[in-house]
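Residues per chain, in single letters:
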Amino acid sequence: MASQEIEALANALARLPGLGPRSARRAVLWLIKRRETAFAGLVDALATVRENLVECPICGNVDTTSPCGICADPRRDARALCVVEDVADLWALDRARLFTGRYHVLGGRLSALDGVRPEDLNIAGLLTRVAAGGIDEVVLAMNATLEGQTTAHYLAERLEAYPLRLTQLAHGLPVGGELDYLDEGTLAQALRARRPVS
Ligand SMILES: [Zn+2]
């Protein structure tokens, strides 16, 4: 039986997504065996991120700089905006390395069941960005779930009045599929074949 402190570490790791108690114990043992080298890197990385973590005031991404690395990158195409539900979706799409524009994170999806209304999401921020002009295309990259599609439909209505191309990810995404779980190739394909919102 490990000490209380080691147990506490294993319990904390076990709460991470994708790690159960068994994997967490293995991770702790792995760290203990390499305590001379592995701990310092992990502790430093955790502390650095924890101290510098900020939500981007422009797009809602989380990063260690403000604005985030994507918003601050002059090579990014400011005329294309990809709207996503969560930061996880932004990261997933950006890993696919196909979309060269910028992003907007809503912070969730509309849900009658969970009582999430338009004013609970960062839709006002999106409309402000679009109204400021200079955006030619808005990609509605919602998850292929009922709530995701309801959200996309709502946004399409709100954005209808603006002179821009409204597109959505191509069909072929698995129904009920969350972007974060898709591989980069599938995401890149869905982006490449994006189509106008009908
Ligand atoms: Zn940003």
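Bear in mind that the values here come from a model prediction, so they are computed numbers and not experimental data.

Visitor: Explanation requested: the overall build of the protein chain in the structure shown.
Guide: The secondary structure content of the protein chain amounts to eight helices and seven strands. Based on the C-alpha atoms only, the size of the protein chain along its principal axes is roughly 65 × 35 × 35 Å. Restricting to contacts in the protein chain with at least 6 residues of sequence separation, those with at least 24 account for 55%.

Visitor: It is not clear to me how the domain arrangement of the protein chain should be interpreted in this structure. Could you clarify?
Guide: Under the domain assignment, the protein chain is made up of domain 1 (4–52) and domain 2 (62–196). With centres defined by C-alpha atoms, the gap from domain 1 to domain 2 works out at 33 Å.

Visitor: Honestly, the packing of helix α1 (residues 4–14) against helix α2 (residues 21–33) in this entry has me stumped. Any pointers?
Guide: Packed helices, taken two at a time, are described by their axes: the angle between them and the distance between them. Between α1 and α2, the least distance of the axes is 8 Å, while the angle of their chain directions is 125 degrees. Comparing the axis directions of α1 and α2 gives the class oblique. Here α1 runs over α2; the crossing is right-handed. Residue-level inspection shows Ile 6, Leu 9, Ala 10, Leu 13 and Ala 14 of α1 in contact with α2, the latter providing Pro 21, Ala 24, Arg 25, Ala 27 and Val 28.

Visitor: What am I meant to see in the nonpolar core here?
Guide: Generally speaking, a soluble globular protein has its nonpolar side chains buried in company with each other. Core analysis: the largest hydrophobic core is formed by 32 residues, its most contacted members being Cys 82, Val 83, Val 84, Leu 93, Leu 140 and Ala 141. Other than its neighbours up to four places away in sequence, Leu 93 contacts Cys 82, Val 84, Phe 99, Ala 141, Leu 179, Leu 187 and Leu 191.

Visitor: I tried to follow the pairing of strand β4 (residues 101–105) on my own but got confused; where do I start?
Guide: Both faces of the sheet carry side chains from a regular strand, because those side chains alternate between them. In terms of burial, β4 is a largely internal element, four of the five residues being buried. Sheet analysis places strand β3 (residues 77–84) next to β4, joined by five bridges and oriented parallel. Paired with Val 84 across the two strands is Val 105, which belongs to β4. Handedness of the β-α-β unit built from β3, helix α5 (residues 87–95) and β4 comes out right-handed.

Visitor: Can you help me understand the pairing of strand β5 (residues 137–140) in this one?
Guide: With four bridges joining them, β3 and β5 adopt parallel strand pairing. When the bridges of β5 are listed, Val 83 appears paired with Leu 140. Strand direction decides the pairing type here: β5 and strand β6 (residues 165–168), joined by four bridges, are parallel. Each residue of the ladder has a partner; that of Val 138, found in β6, is Leu 166. Traced from β5 through helix α7 (residues 146–159) to β6, the parallel crossover comes out right-handed.

Visitor: Explain the environment of Glu 85 here, please?
Guide: The topology assignment puts Glu 85 in the loop between β3 and α5. By the C-beta count within 10 Å, which is 25 here, Glu 85 ends up buried. Non-local contacts of Glu 85, meaning those with residues more than four positions away in its chain, are made with Leu 106, Gly 108, Arg 109, Met 142, Asn 143 and Gly 148.

Rules used throughout
- Residues numbered from 1 in each chain as written.
- Predicted model: local features only at pLDDT ≥ 70, side-chain atom pairs only at ≥ 80, totals over all residues.
- Helix = DSSP H or I, 4+ residues; strand = E, 2+ residues; numbered from the N terminus.
- Contact = placed C-beta atoms within 7 Å.
- Domains from an automatic or database assignment.
- Axes fitted to C-alpha atoms, helices over the stretch in contact; angles between N-to-C directions.
- Parallel < 35°, antiparallel > 145°, perpendicular 65-115°, else oblique.
- Left-handed = near helix turned anticlockwise from the far one by under 90°.
- Core = buried A, V, L, I, M, F, W, Y, C linked by C-beta atoms within 7 Å.
- Buried ≥ 20, exposed ≤ 12 C-beta atoms within 10 Å, placed from the backbone.
- Pairing = 2+ DSSP bridges.
- Right-handed = clockwise from strand over helix to strand, strands pointing away.

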